[in-house]
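# Residue-level structural notes
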Amino acid sequence: MFTDKISIQVTAGNGGHGIVSWRREKYVPKGGPAGGNGGRGGDVIFVANENIFDLDAFRHIRIIKAQNGQSGGSQRKRGANGEDLIIKVPLGTLLKDKATGEVLFDFTYHEQKQIVCKGGFGGRGNACFATPTNRAPNKATNGRPGTEALIELELKMIADVGLVGFPNAGKSTLLTQVTTAKIKTASYPFTTLRPNLGYIKTYPHERGILLADIPGIIKGASDNKGLGLEFLRHIQRTQLLVFMVDLSAIDDRDPFQDLLTLRDELNKYDKSLLEKPSIVILNKLDTDEAQENKVGFHKQLKEHNITAPNFEICAITKEGLPEVVAHLKQSLQIARLHPETTV
Ligand SMILES: Nc1nc2c(ncn2[C@@H]2O[C@H](COP(=O)(O)OP(=O)(O)O)[C@@H](O)[C@H]2O)c(=O)[nH]1
Ligand SMILES: [Mg+2]
């Protein structure tokens, strides 16, 4: 579970001003006061929507402002109200006061509505101020400003794909290359480590794919070496695992042994992890070493009866990545249609 956060300044519309105006009609020499009232400012209303799955729509929005009410007109005409601004958010969104961190609203069901900022009342025109003793008031009031708030939207997201691999396998590079929307996350509470996340937006009203790089998966992770356990816990909730190996075998590593070690660590922590759908990514195919190692690697995959689909890529040049992303999309679509079949 990862937390995505976005800060936004929200402002409701101001009320329109009332005006001073006088009746001017043919054959009516002394026209009375006829200045209309201003319209009400629009509210900013947040509504939960079950067809939205992330905060991606807010990624580049810093300010949300509803329409102002219009000023009053002559002949007692009332100014038009500002339109309310409806903002859709995914279920599970927390709306917080940015300054205090206090949770103001918690969106839990479809179409749940909250007025977050209230539009200002319109001002009054001079027609409103006429009294028996003052039939020609030369007075109108201004509309009231809409309320404002600096808010934070917070959404917990479950990683769909867990990326496991030794340091330098190219996990961060892969995430950067496939990411279409940057998720801003908090650090883990007990460390300064930030999970390395990639989010692939598929279609506007479809859940995208959240990939989480699970650092700390090294030999001994299941004994909690290198903060392994916390990350392994994240892996349990994912739908699909990506084992990433550096086929160039720098530092005299053995890529296939790396794969076995990764699988072994997962297995030691929770046997069911290896039953999850998974793929194997062979990275750094641009290097001569990888070209040499790949034949042996495939042979050993067969010998060990590891049937997970495998992909040869070069994360740096993006070669092979479209195929990986297409596979992830397809597998997750199936997993989401049949949630009971995955762990
Ligand atoms: N030649 C080559 N180098 C790569 C490739 N992908 C990643 N690297 C390099 O490998 C190093 C480690 O990559 P990084 O993404 O930080 O690995 P991580 O530790 O698994 O996150 C970096 O210097 C990358 O530039 C690749 O496809 N080819
Ligand atoms: Mg990294």
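On a predicted model such as this, the values are computed, not experimentally measured, just so you know.

Glancing now at unusual backbone geometry. For Ala249, which is not glycine, the phi torsion reads 55 degrees and is therefore positive. Along the chain, Ala249 turns up in the loop between strand E12 (240-246) and helix H3 (255-269). Even without being a glycine, Asn305 presents a positive backbone phi close to 55 degrees. When you line up the elements, Asn305 lands in the loop between helix H4 (288-303) and strand E14 (310-312). Judged by relative accessible area, Asn305 falls into the exposed class, the value being 62%.

In the vicinity of ligand 1 lie 15 residues, with Asn168, Lys171, Ser172, Thr173 and Asp286 positioned nearest. In the environment of ligand 1, an oxygen atom lies 3.3 Å from a nitrogen or oxygen atom belonging to the backbone of Ala169. Within the contact set of ligand 1, an oxygen atom lies 3.0 Å away from a backbone nitrogen or oxygen of Gly170. Contact with the protein chains covers 71% of the free accessible surface of ligand 1, which is 570 Å². Among the elements that make up the shell around ligand 1, the one with the highest residue count is helix H1 (residues 171-178) (three residues). For the shell around ligand 1, the class distribution of residues is six nonpolar, six polar and three charged.

Turning our attention to the pairing of E12. Every regular strand shows the same layout, with side chains that alternate between the two sheet faces. Of all the seven residues making up E12, seven are buried; the element is thus mostly covered by neighbouring parts of the structure. Side chains Leu240, Val242, Met244 and Asp246 project from E12 onto one buried face, and the interleaved Leu241, Phe243 and Val245 project onto a second face that is buried too. Pairing of strand E9 (residues 161-165) with E12 involves five bridges; the strand directions are parallel. The partner of Val164 across the bridge, within E12, is Phe243. The pairing of E12 with strand E13 (residues 278-283) spans six bridges and is parallel. Within E13, the position partnered with Val242 by the bridge is Ile279. The handedness of the E12 to E13 crossover, carried by H3, is right-handed.

Moving on, we get to the pattern of salt bridges. Overall, the coordinates contain 14 salt bridges when judged by the stated rule. Among the salt bridges present, the one from Asp54 reaches Lys201, with a minimum N-O distance of 2.7 Å. In this pair, Asp54 sits in the loop between strand E2 (44-49) and strand E3 (63-65) while Lys201 sits in the loop between strand E10 (196-200) and strand E11 (209-213), placing the two residues 147 residues apart along the sequence. Take Asp54: its relative accessible area is 3%, and that puts it in the buried class.

Let's shift gears to the sheet that holds E3. If you trace the five strands from one edge of the open sheet to the other, you get E3-E1-E8-E5-E6, paired in mixed fashion. Sheet topology places E3 and strand E6 (103-106) at the edges, where each strand pairs with a single neighbour. Strand-to-strand twist across the sheet, computed as the mean angle between neighbouring axes with direction ignored, equals 30 degrees. Sheet topology places strand E1 (residues 2-11) next to E3; three bridges connect them, and they run parallel. Bridge pairing in E3 links Thr11 to Lys65.

Let us look at the sheet that holds strand E7 (residues 113-117). Strand-to-strand pairing in sheets goes through backbone hydrogen bonds, with the strands running parallel or antiparallel. On the basis of which strands lie adjacent, the open sheet formed by three strands has the order E4-E2-E7 and mixed pairing. The open sheet is flanked by strand E4 (85-90) and E7, the only strands paired with a single partner. Between one strand and the next, the sheet's axes are offset by a mean angle of 30 degrees, whatever the strand orientation. Note that E2 and E4 share six bridges and pair parallel. Across the sheet, the residue bridging to Phe46 is Ile87, located in E4.

Applying the stated rule across the entire model yields two aromatic pairs. Consider the rings of Phe105 and Phe107, whose centres lie 6.4 Å apart with planes at 55 degrees: the pair is tilted. A relative accessible area of 0% means that Phe107 is categorised as buried. Judged by centre distance (5.4 Å) and plane angle (75 degrees), the ring pair of Phe256 and Phe297 falls under edge-to-face. Of this pair, Phe256 sits in helix H3 while Phe297 sits in helix H4, and the two are 41 residues apart along the sequence. Phe297 shares its class with Phe256; the two are buried. Positioned above the aromatic ring of Phe166, the side-chain terminus of Arg253 is 4.4 Å from the ring centre.

Let us now look at the environment of Thr93. Within the fold, Thr93 resides in strand E5 (residues 93-97). Taking the relative accessible area as the measure of exposure, Thr93 reaches 0% and is therefore buried. Taking the C-alpha atoms as reference points, Thr93 and Lys5, separated by 88 residues in sequence, lie 9.7 Å from one another. In this structure, Thr93 is in contact with Leu55, Phe105, Asp106, Phe107, Leu153, Glu154 and Leu155, ignoring residues within four places of it in sequence.

Reading the values: the criteria
- Residues numbered from 1 in each chain as written.
- Chains lettered and ligands numbered in written order.
- Predicted model: local features only at pLDDT ≥ 70, side-chain atom pairs only at ≥ 80, totals over all residues.
- Heavy atoms only, no water.
- Helix = DSSP H or I, 4+ residues; strand = E, 2+ residues; numbered from the N terminus.
- Buried < 20%, exposed > 50% of the residue type's maximum accessible area, 1.4 Å probe, protein only.
- Near = heavy atom within 4 Å.
- Polar contact = N/O pair within 3.5 Å; in protein donor to acceptor, adjacent residues only side chain to side chain.
- Areas by Shrake-Rupley, 256 points an atom, 1.4 Å probe, with all protein chains shown as cover.
- Nonpolar A, V, L, I, M, F, W, Y, C, P; charged D, E, K, R; others polar.
- Pairing = 2+ DSSP bridges.
- Right-handed = clockwise from strand over helix to strand, strands pointing away.
- Salt bridge = Lys/Arg side-chain N within 4 Å of Asp/Glu carboxyl O.
- Axes fitted to C-alpha atoms, helices over the stretch in contact; angles between N-to-C directions.
- Phe/Tyr/Trp six-rings, centres within 6.5 Å; stacked < 30°, edge-to-face > 60°.
- Lys NZ or Arg CZ within 6 Å of the ring centre and 35° of its normal.
- Contact = heavy atoms within 4.5 Å.

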